[in-house]
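Fold and geometry: a report
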Amino acid sequence: MAETVSDSIDVAAPAAEVFAVATDFEAYPQWNESVEKVEVRAADDDGRATIVWFEVDARVRVVRYTLAYDYSNAPRAFSWDLVDGDVAALRGSYEFDELDGVTEVRYELSVDPGFPLPAFLRRQASRQIARAALADLKRRVESA
């Protein structure tokens, strides 16, 4: 069963800058603690990655999966869905709302690991993933 979580964080940067960092998937291993490897397998006419393979250290085990990205709401938001991989389901999105040079970044994630896990642990793991994704993104953007 999938667990859905959402969280947000304020980033001291314009939304376009945050969007650019969040969609530069090949750079993720440089700043996202859990992402070990990334391979962009397809891109759209604007050069944005549309199919991306990831290798992630999920602490319990290394997980590999491929995501398809949707930019129909870009640059205000983008989303992703699982194509295939070591998890049963994975869907998420980022939304960017800028006011006076500060961007509120909203992150939503729905994940089903594909193996039995108590609901409490599933929720905790999903919340931790969301918090870490936002904190790592903030750190990367604000340090640039």
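Right above here is the structure, for reference.
Scope of this entry: the structure provided in the associated data block. In this text the structure is predicted, and so the values were computed from the model without any measurement.

1. Quick look at the sheet that holds strand β5 (residues 77–85)
- Read from one edge to the other, the open sheet built from 7 strands follows the order β1-β7-β6-β5-β4-β3-β2, with strand pairing classed as antiparallel. On the outer flanks of this sheet lie β1 (3–11) and β2 (35–43), each paired with one strand and no other. When strand polarity is set aside, the average angle formed by the axes of neighbouring strands in this sheet is 20 degrees.
- Of the strand pairs in this sheet, strand β6 (residues 89–99) and strand β7 (residues 102–112) are connected by 11 bridges, and their pairing is antiparallel. Within β7, the residue paired with Asp97 across the bridge is Glu104.
- Strands β1, β5, β6 and β7 of the sheet are contacted by helix α1 (residues 15–22), whose axis makes an angle of about 160 degrees with β6.

2. Considering the layout of surface pockets
- A volume near 1,100 Å³ is recorded for the largest pocket.
- Lining the largest pocket are 36 residues; nearest its centre among them are Ser34, Val56, Ala58, Ala125 and Ile129.
- Mapped onto the lining of the largest pocket, the elements with two or more residues apiece are β3 (49–57), β4 (62–70), β6, β7 and α3 (119–143).
- Per-element accounting of the lining of the largest pocket gives the leading share, 9 residues, to α3.

3. Some words on unusual backbone geometry
- Between Ala74 and Pro75 the backbone carries a cis peptide bond, its omega angle lying at 5 degrees.
- Structurally, Pro75 is set in the loop between β4 and β5.
- Positive phi is not limited to glycine here, since Asp100 has a value of about 55 degrees.
- Structurally, Asp100 is set in the loop between β6 and β7.

4. A word on the environment of Thr23
- Mapped onto the elements, Thr23 comes out in the loop between α1 and α2 (28–31).
- Owing to a relative accessible area of 16%, Thr23 belongs among the buried residues under this scheme.
- On a C-alpha basis, the gap between Thr23 and Thr50 in space is 9.9 Å, while along the polypeptide they are 27 residues apart.
- Look past the residues within four positions of Thr23 in its chain and what remains in contact with it is Tyr71 and Phe78.
- In this structure the side chain of Thr23 is engaged in a polar contact, spanning 3.4 Å, whose partner is the backbone oxygen of Ala20.

5. Considerations on α3
- Between its first and last C-alpha atoms α3 spans 36 Å; for 25 residues at 1.5 Å apiece the expected length is 36 Å, and the two agree.
- Taken together, the buried positions of α3 are Arg122, Ser126, Ala130, Ala133, Leu134, Asp136, Leu137 and Val141.
- Along its buried surface, α3 packs onto β1, α1, α2, β6 and β7.

Cut-offs used in this document
- Residues numbered from 1 in each chain as written.
- Predicted model: local features only at pLDDT ≥ 70, side-chain atom pairs only at ≥ 80, totals over all residues.
- Heavy atoms only, no water.
- Pairing = 2+ DSSP bridges.
- Helix = DSSP H or I, 4+ residues; strand = E, 2+ residues; numbered from the N terminus.
- Axes fitted to C-alpha atoms, helices over the stretch in contact; angles between N-to-C directions.
- Contact = heavy atoms within 4.5 Å.
- 1 Å grid on protein atoms, 1.4 Å probe; cavity = no way out; pocket = protein on both sides within 12 Å on 5 of 7 lines; lining within 4 Å.
- Points joined across faces, edges and corners; volume = space filled by probe spheres on them.
- Buried < 20%, exposed > 50% of the residue type's maximum accessible area, 1.4 Å probe, protein only.
- Polar contact = N/O pair within 3.5 Å; in protein donor to acceptor, adjacent residues only side chain to side chain.
- Expected span 1.5 Å × (residues − 1).

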